Amino acid sequence: TRKDLAVARPRGDLPKLLKLAERETAFVLPDLPSAIAVVCQNDESRARGAQDWCLRMLEAQGPFFPKVVALETLGELRAVHFIPEIMEYLSDENSYVYGAAERALSKMGEAIVQPAVGRIESGLVDPDAAHSLLVLLCDLGSRKAYESVMQHLDLFMEEIGPGAAT
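None of these values were measured; they are calculated from a predicted model.

**Looking at the nonpolar core**
Now for step 1: Counting 51 residues, the largest nonpolar core has I36, L71, I86, M87 and L105 as the members making the most contacts within it.
Now for step 2: With residues up to four places along the chain from it excluded, the contact list for L105 reads I83, I86, M87, L90, I112 and L136.

**A short note on the environment of G99**
Now for step 1: Relative to the assigned elements, G99 resides in helix 7 (residues 95–106).
Now for step 2: Note on G99: relative accessible area 8%, which makes it buried.
Now for step 3: Along the primary structure G99 and V68 are separated by 31 residues, whereas in three dimensions their C-alpha atoms are 8.4 Å apart.

**Digging into the pattern of salt bridges**
Now for step 1: In total, this model carries six salt bridges according to the counting rule given.
Now for step 2: Between R48 and E44 there is a salt bridge; the shortest N-O distance is 3.8 Å. Note that R48 and E44 are positioned in helix 4 (residues 44–59) at a spacing of four residues, about one turn of the helix.
Now for step 3: Judged by relative accessible area, which is 45%, R48 ranks as partly exposed.
Now for step 4: In this structure, E88 engages R119 in a salt bridge whose closest nitrogen and oxygen atoms are separated by 3.0 Å. Of this pair, E88 sits in helix 6 (residues 83–88) while R119 sits in helix 8 (residues 113–122), and the two are 31 residues apart along the sequence.
Now for step 5: Judged by its relative accessible area of 46%, E88 falls in the partly exposed class.
Now for step 6: According to the relative accessible area criterion, R119 is buried, its value standing at 14%.

**A few points about the environment of V80**
Now for step 1: Note on placement: V80 falls in the loop between helix 5 (65–76) and helix 6.
Now for step 2: Of the residues examined, V80 reaches a relative accessible area of 38% and is grouped as partly exposed.
Now for step 3: Sequence separation of V80 and M108 is 28 residues, and the distance between their C-alpha atoms is 6.2 Å.

**Quick look at unusual backbone geometry**
Now for step 1: The phi dihedral of N42 falls on the positive side, at around 60°, and the residue is not glycine.
Now for step 2: Inspection of the secondary structure assignment puts N42 in the loop between helix 3 (32–40) and helix 4.
Now for step 3: One non-glycine residue with positive phi stands out, namely R78, at about 55°.
Now for step 4: Of note, R78 is situated in the loop between helix 5 and helix 6.

**Concerning helix 10 (residues 143–151)**
Now for step 1: Residues of helix 10 that are buried include every one of A145, S148 and V149, and no others. With its buried residues spanning 100° around the axis, helix 10 presents them on a single face. Residues of helix 10 that are exposed and point more than 90 degrees away from the buried face comprise R143, M150 and Q151.
Now for step 2: Against the buried residues of helix 10 lie helix 8, helix 9 (127–140) and helix 11 (153–160).

**A short note on the packing of aromatic side chains**
Now for step 1: Within this structure, the stated rule accounts for one aromatic pair.
Now for step 2: Ring geometry for F64 against Y96: centres 5.3 Å apart, planes inclined by 15°, an arrangement best described as stacked. Taken together, the residues F64 in the loop between helix 4 and helix 5 and Y96 in helix 7 connect sequence positions 32 residues apart.

**Some words on helix 4**
Now for step 1: In this model, helix 4 (16 residues) spans 22 Å end to end at C-alpha, consistent with the 22 Å of a helix rising 1.5 Å per residue.
Now for step 2: A distance of 3.2 Å separates the backbone nitrogen of S45 from a side-chain oxygen at the start of helix 4, and that oxygen is part of D43.

Cut-off values and rules
- Residues numbered from 1 in each chain as written.
- Predicted model: local features only at pLDDT ≥ 70, side-chain atom pairs only at ≥ 80, totals over all residues.
- Heavy atoms only, no water.
- Core = buried A, V, L, I, M, F, W, Y, C linked by side-chain atoms within 4.5 Å.
- Buried < 20%, exposed > 50% of the residue type's maximum accessible area, 1.4 Å probe, protein only.
- Contact = heavy atoms within 4.5 Å.
- Helix = DSSP H or I, 4+ residues; strand = E, 2+ residues; numbered from the N terminus.
- Salt bridge = Lys/Arg side-chain N within 4 Å of Asp/Glu carboxyl O.
- Arc of directions from axis to C-beta.
- Phe/Tyr/Trp six-rings, centres within 6.5 Å; stacked < 30°, edge-to-face > 60°.
- Expected span 1.5 Å × (residues − 1).
- Polar contact = N/O pair within 3.5 Å; in protein donor to acceptor, adjacent residues only side chain to side chain.

This is the structure we're talking about:
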């Protein structure tokens, strides 16, 4: 199919994959971030290049699609040092963008707990981000994640109310 060809042609070529990611091509979204991550596997230089591209896309004004690809790619790369930047997008108005941030963070595992706690304790968490953090921590299911939820239960109840952790 066209979708398969769009990602298959540049497979293995990071610059071409990143160029494709800058286009409004939603039909390749499910495959593109993982294709970028595969090219970067075991190659620190390529991974840094992809991460730099992701940060440029997140900082750029313009269409949301490259931001979605950038967030998803950071998740696929397991770029845990960018967790705070990814968390910024949990409050985005665009459901594609905050959904991509949630999916990226869900791939980071236990590494999200401390930055989530830091964000909560900073007082800079709006109700949408609080809900996302609650779900991410509960889905993580580790003792550390559950302890963080219990420690900040008052905030979660205040910001999102009871019964919203689904």
